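So you can see what is in the structure, the chains are spelled out below.
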Amino acid sequence: MKVTSRLLIVAAFLLLAINLRAASEIVIAIRYLQAEGTSHSHLYLYKDDGKFLRQLTNDNSGQDVDPVFGPEGEIIVFTRETTGSPLEFWSVRPLGGDAMKLDSAPEWYEQTKTSNYFTNREPTESATPEAGSPRPSTSPGPAGIMGERRSYKAPDGSVEVILRLDPTDPDDQVNGERHGKHYVLRYLKTGIQADFGTLPGFFGAAEILHERQNPDHQFLLDGLLRVAFFGLHLNSTDGDTSFALDLNGPRFVRLSPNWGAPVPLPGESAFLTLTENRYVPIPGTTKTANCSYIEHWDVQLQKIRYARPKTAAIFYGASVYRPERTPAVITIRQKAD
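Just so you know, these numbers come straight off a predicted model, no measurement behind them. (Residues numbered from 1 in each chain as written. Predicted model: local features only at pLDDT ≥ 70, side-chain atom pairs only at ≥ 80, totals over all residues. Heavy atoms only, no water.)

Digging into the overall build of the protein chain
Looking only at helices and strands, the protein chain has two helices and 24 strands in total. Per-residue burial for the protein chain yields a buried fraction of 51% across its 337 residues. Partitioning the contacts of the protein chain with sequence separation of at least 6, the portion at a separation of at least 24 is 51%. Put simply, the protein chain shows about 16,300 Å² of open surface, and 53% of that area lies on carbon and sulfur atoms. (Helix = DSSP H or I, 4+ residues; strand = E, 2+ residues; numbered from the N terminus. Buried < 20%, exposed > 50% of the residue type's maximum accessible area, 1.4 Å probe, protein only. Contact = heavy atoms within 4.5 Å. Areas by Shrake-Rupley, 256 points an atom, 1.4 Å probe, with all protein chains shown as cover.)

Comments concerning the packing of aromatic side chains
Counted under the stated rule, the structure contains 17 aromatic pairs. For the ring pair Phe202 and Phe252, a centre distance of 5.7 Å and an interplane angle of 65 degrees mean the geometry is edge-to-face. Here the residue Phe202 occupies a position in the loop between β12 (193-195) and β13 (207-208), and Phe252 occupies one in strand β18 (residues 251-254), the gap between them amounting to 50 residues. According to the relative accessible area criterion, Phe202 is buried, its value standing at 12%. (Phe/Tyr/Trp six-rings, centres within 6.5 Å; stacked < 30°, edge-to-face > 60°.)

Some words on the sheet that holds strand β21 (residues 288-297)
The four strands lie next to each other as β19-β20-β21-β22, forming an open sheet whose pairing is antiparallel. Lying at the two open borders of the sheet, with one neighbouring strand each, are β19 (260-264) and β22 (303-305). On average, adjacent strands in this sheet sit at an angle of 30 degrees to one another, irrespective of strand direction. Sheet topology places β19 next to strand β20 (residues 271-281); five bridges connect them, and they run antiparallel. Each residue of the ladder has a partner; that of Ala261, found in β20, is Leu274. (Pairing = 2+ DSSP bridges. Axes fitted to C-alpha atoms, helices over the stretch in contact; angles between N-to-C directions.)

Digging into the pattern of salt bridges
Taken as a whole, this structure holds 14 salt bridges when the rule is applied. Note that Arg186 is salt-bridged to Glu160, the shortest N-O span being 3.5 Å. You can see Arg186 sitting in strand β11 (residues 184-187) and its partner Glu160 sitting in strand β10 (residues 159-164), a full 26 residues away along the chain. We classify Glu160 as buried; its relative accessible area is 9%. Here the residues in one salt-bridge network are Asp59, Asp64 and Arg80, joined through shared partners. (Salt bridge = Lys/Arg side-chain N within 4 Å of Asp/Glu carboxyl O.)

Some words on the side chain of Gln334
Note that Gln334 resides in the segment after β24 (329-332). For Gln334, a relative accessible area of 14% gives the class buried. A distance of 3.2 Å separates the side chain of Gln334 from the side chain of Glu81, its partner in a polar contact. (Polar contact = N/O pair within 3.5 Å; in protein donor to acceptor, adjacent residues only side chain to side chain.)

Concerning the environment of Ala194
Note on placement: Ala194 falls in strand β12. Of the residues examined, Ala194 reaches a relative accessible area of 23% and is grouped as partly exposed. It is 5.6 Å that separates the C-alpha atoms of Ala194 and Val184, two residues lying 10 residues apart in sequence. In this view, Ala194 contacts Tyr183, Val184, Leu185 and Leu199; residues no more than four positions away in its chain are not counted.

Considering the sheet that holds strand β23 (residues 313-321)
The strands that make up a sheet are held in pairs by hydrogen bonds between backbone atoms, and each pair lies either parallel or antiparallel. The antiparallel open sheet is built from five strands, whose spatial order is β3-β2-β1-β23-β24. In the strand order of this sheet, the two ends are held by β3 (52-55) and β24, each with one partner. With strand direction ignored, the average angle separating the axes of adjacent strands in the sheet is 20 degrees. Here three bridges tie strand β2 (residues 41-47) to β3, and the two strands are oriented antiparallel to one another. Across the sheet, residue Tyr46 finds its bridge partner in β3, namely Phe52.

Observations regarding empty space enclosed by the protein
Rolled over the atoms, a probe as big as a water molecule pinpoints where empty space is left. All chains considered together, the criterion is met by one cavity of 30 Å³ or more. Surrounding the largest cavity, Ser24, Ile26, Asp48, Leu265, Glu268, Leu272, His296, Tyr306, Val320 and Arg322 form its lining. In the lining of the largest cavity, the residues fall into five nonpolar, two polar and three charged. (1 Å grid on protein atoms, 1.4 Å probe; cavity = no way out; pocket = protein on both sides within 12 Å on 5 of 7 lines; lining within 4 Å. Points joined across faces, edges and corners; volume = space filled by probe spheres on them. Nonpolar A, V, L, I, M, F, W, Y, C, P; charged D, E, K, R; others polar.)

Some points on the pairing of β18
In this sheet, β18 lies alongside strand β17 (residues 239-246) in antiparallel orientation, the contact comprising four bridges. Looking at β18, one finds that Asp246 is bridged to Arg251. Count of turn residues in the β17/β18 antiparallel hairpin: four residues.

Observations concerning the environment of Val253
Topologically, Val253 is positioned in strand β18. Along the backbone, Val253 and Ser242 are 11 residues apart, and their C-alpha atoms lie at a distance of 8.8 Å. Residue contacts for Val253: discarding those within four places in its chain leaves Phe243, Ala244, Trp297 and Leu301.

This is the structure:
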């Protein structure tokens, strides 16, 4: 009887360990800027709900960048960049322990590209963004010329977005605040429609963003999540910003004070953003820095930032392992492919 009880306890602990590892995890390479000395990028592991699990690397000989989960999630391979030395490839396990130097990068690591994301770049343009952010072109132009109408229908036939400009409205002459207030959101099954300018959260909208890998796809519809994304130019100092149009609202939600690139999580009612924040104060100094972070948005468009609170930091790559989902690994390299 005692043996049976012990076996049941062991089995319960094993099942608990399996379930704990079955949750999605995200590894972030991030460099926390500091008041004195040289800051370094290290790897940090989080649960997808934002709970910090552990720091995986702490070597200050170089910068640890571009972590990628292995296909089964059992290992994380990353690159160590050291000034004046060739690139080194290392591996570490998600459960922690010492990192191990590799003779060469695994083939799957070299073949892993940045996962699909939403952009306003033309398909032929390459994205080599500063601080790793999949960025728009500088001062992107309005979507269309005066008097032209562009229409985009959701693939499920539920809604249509009509981009139209009013040649008599000064706001529509410039890509900036209040541009796009005459754009229309129309619900095709009911015929109800509204101008963008009347929707809660509207600040401005220039172009609708599209998937990098599928330029004809302008909507992210996954489970209860139903959004379209729009870019807007702010000014030469603040650059650009982006918004999610929540089709369930309807309403607009700003994704970042500056640019934020949405990254879908197929099979989940959620998405990530690679978020740019300019002029963030560096703690302990009077200096500021242009920073970048990874954030998670749920179906209610509430966000979690995978970083220490109130810090200035720079993103150097991230990877998500999602057991029992396809694809199992979502990766954002520090320089978009």
